[in-house]
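Analysis of the macromolecular model
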Amino acid sequence: MPYVKTALAAEALRQRSGGILAQRQRTALILFDGKRSVDEVLRQTAGLGVQPDDITHLVKSGLLQEEKPEPANSKSRATSETPKISESPAPQMNGELTIDEQQRRYKTAYPLATQLTATLGLRGFKLNLAVERAEGYAGLRELLPKIEAAVGPERATDLRAALDGAAR
């Protein structure tokens, strides 16, 4: 089940409310975007020791809420049953990459970027928030030099590869 951050969560992340969140919970909270399932977030944060109880704490604390589905109406049902290709006859381009390719690269690179910045502790907090606020592929691409400077180019190799479309 996908969860999204509440306004309280955004404030807690901005203010670094120490009493509410452990570092591992903070990292898990950052990963919830309405698209990732609880299982996916747990897999991505397993190395940090995040457990299902941590997610329960985030929900009970009012930091996460269930992603509310769109109201069911005939138009949304028809759209969801229609393949995306039929919605736009020509692929949209941004530079050399199609929108679909940018989304694919972002989807691969985003978890890598959050994992890298989460390892930096307090000094990486602003960078971690910048990754969270990044506007898709272009936003992550802009942050790559800062991430490489913070963690070193060698540790950021997989992130660079994901953004270049050569994910390993």
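Residues numbered from 1 in each chain as written. Predicted model: local features only at pLDDT ≥ 70, side-chain atom pairs only at ≥ 80, totals over all residues. Heavy atoms only, no water.

1. Quick word on the overall build of the chain
For the chain, the count of helices and strands is 10 helices and 4 strands. Secondary structure elements of the chain occur, N-terminal to C-terminal, as β-α-α-α-α-β-α-α-β-β-α-α-α-α. Considering only residue pairs separated by 6 or more positions, the chain has 62% of its internal contacts joining residues 24 or more positions apart. As displayed, the chain offers around 10300 Å² of accessible surface, 53% of which is attributable to carbon and sulfur atoms. (Helix = DSSP H or I, 4+ residues; strand = E, 2+ residues; numbered from the N terminus. Contact = heavy atoms within 4.5 Å. Areas by Shrake-Rupley, 256 points an atom, 1.4 Å probe, with all protein chains shown as cover.)

2. Notes on the packing of helix H9 (residues 136-151) against helix H10 (residues 157-164)
Direction vectors running N to C along H9 and H10 enclose 155°, while the axes themselves pass 11 Å from each other. By the angle class used here, H9 and H10 are roughly antiparallel. Pair H9 / H10 crosses with left-handed handedness. Of the residues in H10, those in contact with Tyr137, Leu140, Arg141, Leu144, Ile147 and Glu148 of H9 are Leu159, Arg160, Leu163 and Asp164. Of the residues in the contact of H9 with H10, the class split is 6 nonpolar, no polar and 4 charged. (Axes fitted to C-alpha atoms, helices over the stretch in contact; angles between N-to-C directions. Parallel < 35°, antiparallel > 145°, perpendicular 65-115°, else oblique. Left-handed = near helix turned anticlockwise from the far one by under 90°. Nonpolar A, V, L, I, M, F, W, Y, C, P; charged D, E, K, R; others polar.)

3. Things to note about the confidence of the model for the chain
Model confidence for the chain is summarised by a mean pLDDT of 77, while 79% of its residues fall at 70 or above. Confidence, expressed as mean pLDDT per element, reaches its minimum in the chain at helix H6 (residues 84-87) with 32 and its maximum at H10 with 93. When the criterion is pLDDT under 50, residues 74-94 qualifies, and its contacts beyond four places in sequence or with other chains add up to 11 contacts. (pLDDT = per-residue confidence, 0-100.)

4. Concerning the packing of aromatic side chains
Given two aromatic rings, one states the distance between the centres and the angle between the planes to describe the pair. The tally for this structure, following the rule as stated, stands at 2 aromatic pairs. Considering the side-chain rings of Tyr3 and Phe32, the 6.0 Å spacing of their centres and the 90° angle between planes classify their relative orientation as edge-to-face. Note that Tyr3 is positioned in strand E1 (residues 3-5) and Phe32 in the loop between helix H2 (23-31) and helix H3 (38-44), a separation of 29 residues in sequence. Judged by its relative accessible area of 13%, Tyr3 is buried. Residue Phe32 is classed as buried on the basis of its relative accessible area of 0%. With 5.5 Å between their ring centres and 35° between their planes, Tyr106 and Tyr110 make a pair best called tilted. Placement of the pair is Tyr106 and Tyr110 together in helix H7 (residues 99-118), with a separation of 4 residues, close to one helical turn. Taking relative accessible area as the criterion, Tyr110 reaches 3% and is therefore assigned buried. (Phe/Tyr/Trp six-rings, centres within 6.5 Å; stacked < 30°, edge-to-face > 60°. Buried < 20%, exposed > 50% of the residue type's maximum accessible area, 1.4 Å probe, protein only.)

5. Quick word on empty space enclosed by the protein
Considering all chains together, one arrives at 1 cavity of 30 Å³ or more under this definition. Gln23, Gly121, Gly124, Phe125 and Asn128 are the residues nearest the centre of the largest cavity, which is lined by 10 residues in total. At the level of secondary structure, the elements contributing two or more residues to the lining of the largest cavity comprise H2, H7 and helix H8 (125-133). The element that contributes the greatest number of residues to the lining of the largest cavity is H2, accounting for 3 residues. The residue inventory of the lining of the largest cavity, partitioned by class, reads 3 nonpolar, 5 polar and 2 charged. (1 Å grid on protein atoms, 1.4 Å probe; cavity = no way out; pocket = protein on both sides within 12 Å on 5 of 7 lines; lining within 4 Å. Points joined across faces, edges and corners; volume = space filled by probe spheres on them.)

6. Focus on H2
The buried fraction of H2 amounts to 7 of the 9 residues, a majority that puts the element mostly inside the structure. Looking only at H2, the buried set comprises Gln25, Arg26, Thr27, Ala28, Leu29, Ile30 and Leu31.

7. Looking at H8
Phe125, Leu127, Asn128, Leu129, Ala130 and Val131 are the residues of H8 that are buried. On its buried side, H8 packs onto helix H1 (7-15), H2, H7 and H9.

8. Considerations on the packing of H1 against H2
For the pair H1 and H2, the least separation of the axes is 11 Å and the interaxial angle reads 130°. Taken as axis vectors, H1 and H2 run oblique relative to one another. Two packed elements cross with a definite hand, and for H1 against H2 that hand is left-handed. Across the interface between the two elements, Ala9, Ala12 and Leu13 of H1 pack against Arg26, Leu29 and Ile30 of H2. Each residue belonging to the contact of H1 with H2 can be placed in one class, and the counts come to 5 nonpolar, no polar and 1 charged.

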